[in-house]
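The residues making up each chain are set out below.
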Amino acid sequence: MQVLWRLEKAFVKEILTELPKELHYNTVSTTIRKMEDKGFVKHNAFGKTHQYYPAISKEKYRNSFMKKTINNYFENSYKNVVSFFANEENISVDELKEIIELIEKKKK
């Protein structure tokens, strides 16, 4: 998806050249078709080949992903998410203060 969001539309060969490691054409093609089945990608047909493009924005995908992740792994609690990052030392006190400020601004 990252490649399609960046390129906006692409054939499988173009996607292959953008991936960090060498993958087989069929592997990428199958993955894209699965993403299409799930509604993340659409295509335009040009004969037997397809040009793919994102069917969902990066922001919408991120929101959906985060909601599912928080529900599945953090008991639908944002407090548990923040606690996880604090315990893993992936978030600083200053960053936590910024988050609190953002929340307070949004409430106003």
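Here the structure is a predicted model, which is why all the values come from computation and not from measurement. (Residues numbered from 1 in each chain as written. Predicted model: local features only at pLDDT ≥ 70, side-chain atom pairs only at ≥ 80, totals over all residues. Heavy atoms only, no water.)

A. Seen up close, the overall build of the protein. Counting secondary structure elements, the protein contains 6 helices and 2 strands. Its helices and strands in sequence order give the protein the pattern α-α-α-β-β-α-α-α, from N to C terminus. On C-alpha atoms alone, the protein measures out to a radius of gyration of 19 Å, which is more than a quarter above the 13 Å that the 2.2 N^0.38 rule sets for 108 residues. A principal-axis box enclosing the C-alpha atoms of the protein has dimensions of 55 × 30 × 25 Å. Summarising the internal contacts of the protein: among those between residues at least 6 apart in sequence, 34% fall at separations of at least 24. Carbon together with sulfur atoms contributes 52% to the accessible area of the protein, which is approximately 9000 Å² in total. Where the 20 positive side-chain charges of the protein centre and where its 15 negative ones centre are 8 Å apart. (Helix = DSSP H or I, 4+ residues; strand = E, 2+ residues; numbered from the N terminus. Rg over C-alpha atoms; globule rule 2.2 N^0.38 Å. Contact = heavy atoms within 4.5 Å. Areas by Shrake-Rupley, 256 points an atom, 1.4 Å probe, with all protein chains shown as cover. Lys, Arg positive; Asp, Glu negative; His and termini not counted. Charge placed at Lys NZ, Arg CZ, Asp CG, Glu CD.)

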